[in-house]
Amino acid sequence: MYGVDINESERYYDEFYYFTDFFTRTLKPEARKIENLTDQNTLASPCDGTVLTVGEVDTLASTIDAVKGRSYRLDEFMLGHSGDSSDNSDEKNNSGVEALLKNVAAKGNKLFYSVIYLSPGDYHRFHSPAIHTADYRRHIVGYLAPVKPSYVNKHKDVFKNNERVNIFGEWREDDFFFLSYVGALNVGSIKLDFDTDVVTNEAFPDYSMFYDKNYNEIEDRGPFAKYLAKQENNYSEASEKINFAKGEMTGRFEMGSTIVLVWEAPEDTQVNLEPGQKLKLGQEIVKTPSTQ
């Protein structure tokens, strides 16, 4: 069924009570290896899937390509609106995104991105791709259009309009790290093991809304507060964050969907990805110079 190797699963076909159980099946421990498990300078694939796109963020236009020829502004994708206004009328870049880009450039680094598509036959649990932290979540309420490449190629606004859960944080000590879990048609929900407040695919959502959660409960900080504060020389490190181990199971989709990664790294970072490449959970996809 769907090309699944059922021998990798901890349960066989007749042991699944519901179709969702099958799609969210867990694997035997030996089915996947997390490469370089304790190395903070490498990224592992967060899931089984296929690479749609990979590249460097266009810092002039502040865009990423979800698929070839389909560009999205960082502020629209990460925040759910363009500029500093939530009415989507601002043509200027969001000030937080601008502060992030300036901070990355000041360190001589770049922002890289990759988009990974999970087909219905892929393992549907996702794991932490790195040793990293999370300090903010934005759940953007949206539609649930298909995310398979053939559909996205013909419908340019899929990734801008689809429901998604965005996680902001850091890796490699203080480099920017971002994960987006994008919903799709027939995906009943996106479940986060570390944030059970997230409820997706509601029956009557308000499509103009987004829901935020600050993982640092002491301070009132937005997703780019650190970078804005650095510009004003009044930055103080967040006192609380969620810490993730590489390979740690962090959630699941209930059918095919997409994960978008955006990460800051030195210019000479080795990215072992190309469009169309098949990935297995845990295989090394990025290697950066040592921070030691």
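Note that residues are indexed from 1 along each chain, following the sequence as it is written. Predicted model: local features are reported for residues with pLDDT of at least 70 only, side-chain atom pairs are reported and counted for 80 or more only, and whole-chain, interface and lining totals are derived from all residues. Heavy atoms from the whole structure form the basis of all side-chain values; hydrogens and water molecules are not counted.

Draft legend 1. Examining the overall build of the protein chain more closely. Secondary structure follows DSSP: runs of H or I at least 4 residues long count as helices, runs of E at least 2 residues long count as strands, and numbering of each begins at the N terminus. Of regular secondary structure, the protein chain possesses 6 helices and 17 strands. When each of the 292 residues of the protein chain is scored for burial, the buried share is 52%. Across the protein chain, every contact between residues at least 6 apart in sequence was considered, and the portion connecting residues at least 24 apart equals 71%. We get accessible surface area from the Shrake-Rupley algorithm with a probe of 1.4 Å; when it comes to residues, only the shown protein chains can shield them. Carbon and sulfur atoms form 47% of the exposed surface of the protein chain, whose accessible area is close to 13300 Å². Each residue is assigned to one of three classes by its accessible area relative to the maximum for its type, calculated with a 1.4 Å probe on protein chains only: buried under 20%, partly exposed between the two thresholds, exposed over 50%. Contact definition: two residues touch when any of their heavy atoms are within 4.5 Å.

Draft legend 2. Spatial organisation of the packing of aromatic side chains. Each Phe, Tyr or Trp ring (for Trp, its six-membered ring) is paired with any other whose centre lies within 6.5 Å, and the angle between the two planes then decides the class: stacked below 30 degrees, edge-to-face above 60, tilted in between. Summed over all chains, the structure comprises 14 aromatic pairs. Note on phenylalanine 168 and phenylalanine 224: the rings are 5.5 Å apart at their centroids and 85° apart in plane angle, and the pair reads as edge-to-face. Of this pair, phenylalanine 168 sits in strand β8 (residues 164–171) while phenylalanine 224 sits in the loop between β11 (210–214) and α6 (225–231), and the two are 56 residues apart along the sequence. Residue phenylalanine 168 is classed as buried on the basis of its relative accessible area of 1%. Their ring planes at 15° and their centres at 6.5 Å tell us that phenylalanine 176 and phenylalanine 178 sit as a pair that is stacked. A relative accessible area of 1% means that phenylalanine 176 is categorised as buried.

Draft legend 3. Representation of helix α3 (residues 95–106) in the model. Over its 12 residues, α3 runs 16 Å from end to end, which matches the ideal 16 Å to within 8%, given 1.5 Å per residue. Of all the residues in α3, the buried ones are Gly96, Val97, Ala99, Leu100, Leu101, Asn103 and Val104. Under this definition, polar contacts are N or O atom pairs within 3.5 Å; protein pairs additionally need one hydrogen-donor-capable and one acceptor-capable atom, and for neighbouring residues in sequence, both atoms have to be side-chain atoms. Sitting at the head of α3, asparagine 94 places a side-chain oxygen 2.8 Å from the backbone nitrogen of glycine 96. Trailing α3 by a residue or two, glycine 108 shows a phi angle of about 75°, which is positive. For a helix, the expected span equals 1.5 Å multiplied by the number of residues minus one.

Draft legend 4. Just the sheet that holds strand β1 (residues 42–44), in detail. The antiparallel open sheet is built from 3 strands, whose spatial order is β1-β17-β15. Pairing within the sheet leaves two strands with one partner each, and these edge strands are β1 and β15 (270–271). In this scheme, strands are said to pair when DSSP sees at least two bridges between them.

Draft legend 5. The nonpolar core, seen in detail. Counting 29 residues, the largest nonpolar core has Leu43, Ile167, Tyr181, Ile259 and Trp263 as its most contacted members. For this core, the secondary-structure elements that each account for two or more residues are β5 (109–118), β8, β9 (175–182), β10 (190–192), β14 (257–266) and β17 (284–287). Looking at this core, the element that brings in the most residues is β14, giving 4 residues. With sequence-adjacent residues up to four places away left out, isoleucine 259 is seen in contact with Pro46, Cys47, Ser114, Val115, Ile116, Leu118, Phe126, Leu179, Ser180, Tyr181 and Phe253. In this text, buried Ala, Val, Leu, Ile, Met, Phe, Trp, Tyr and Cys residues form a nonpolar core when linked through side-chain atoms within 4.5 Å. By size, the runner-up hydrophobic cluster in this structure holds 25 residues, among which are Val57, Val104, Tyr117 and Phe168.

Draft legend 6. The arrangement of the pairing of β5 in detail. By the criterion of burial, β5 is predominantly enclosed, with 9 of the 10 residues buried. The pairing of strand β2 (residues 49–56) with β5 spans 6 bridges and is antiparallel. Bridged to glutamate 56 within β5 is phenylalanine 112. Across 10 bridges, the pairing between β5 and β14 is antiparallel. Residue tyrosine 117 lies in a different strand from β14, and its bridge partner there is threonine 258.

Draft legend 7. Expanded view of the sheet that holds strand β6 (residues 125–127). The 3 strands lie next to each other as β6-β13-β10, forming an open sheet whose pairing is antiparallel. What marks the edges here is a single partner per strand, and that holds for β6 and β10. Taking each pair of neighbouring strands and ignoring which way they run, the sheet shows an average axis angle of 20°. Pairing of β10 with strand β13 (residues 249–253) involves 3 bridges; the strand directions are antiparallel. From the neighbouring strand, isoleucine 190 faces β13, where its bridge partner is phenylalanine 253. Axes here refer to lines fitted to C-alpha atoms; in helices the fit is confined to the stretch in contact. Angles between the N-to-C directions go from 0 to 180 degrees.

Draft legend 8. Broad picture of the pattern of salt bridges. In what follows, salt bridge is the name for a side-chain nitrogen of Lys or Arg lying within 4 Å of a carboxyl oxygen of Asp or Glu. Taken as a whole and assessed by the stated rule, the structure comprises 15 salt bridges. With a shortest N-O distance of 3.7 Å, lysine 107 and aspartate 174 are connected by a salt bridge. Here lysine 107 is found in the loop between α3 and β5, whereas its partner aspartate 174 is found in the loop between β8 and β9, with 67 residues between them in sequence. The class for aspartate 174 is partly exposed, based on a relative accessible area of 32%.

Draft legend 9. Seen up close, the pairing of β8. The buried fraction of β8 is high, at 8 of 8 residues. Residue alternation in β8 divides its side chains into two sets, Arg164, Asn166, Phe168 and Glu170 and Val165, Ile167, Gly169 and Trp171, and both sets are buried. Bridge count between strand β7 (residues 132–140) and β8: 8 bridges; the pairing is antiparallel. In the strand pairing of β8, arginine 137 is matched with isoleucine 167. Bridging between β8 and β9 involves 8 bridges; their strand directions are antiparallel. Across the sheet, phenylalanine 168 pairs through a bridge with phenylalanine 178, a residue of β9. Between β8 and the antiparallel strand that follows it, β9, lie 3 residues; arginine 172 among them carries a positive phi value of about 45°.

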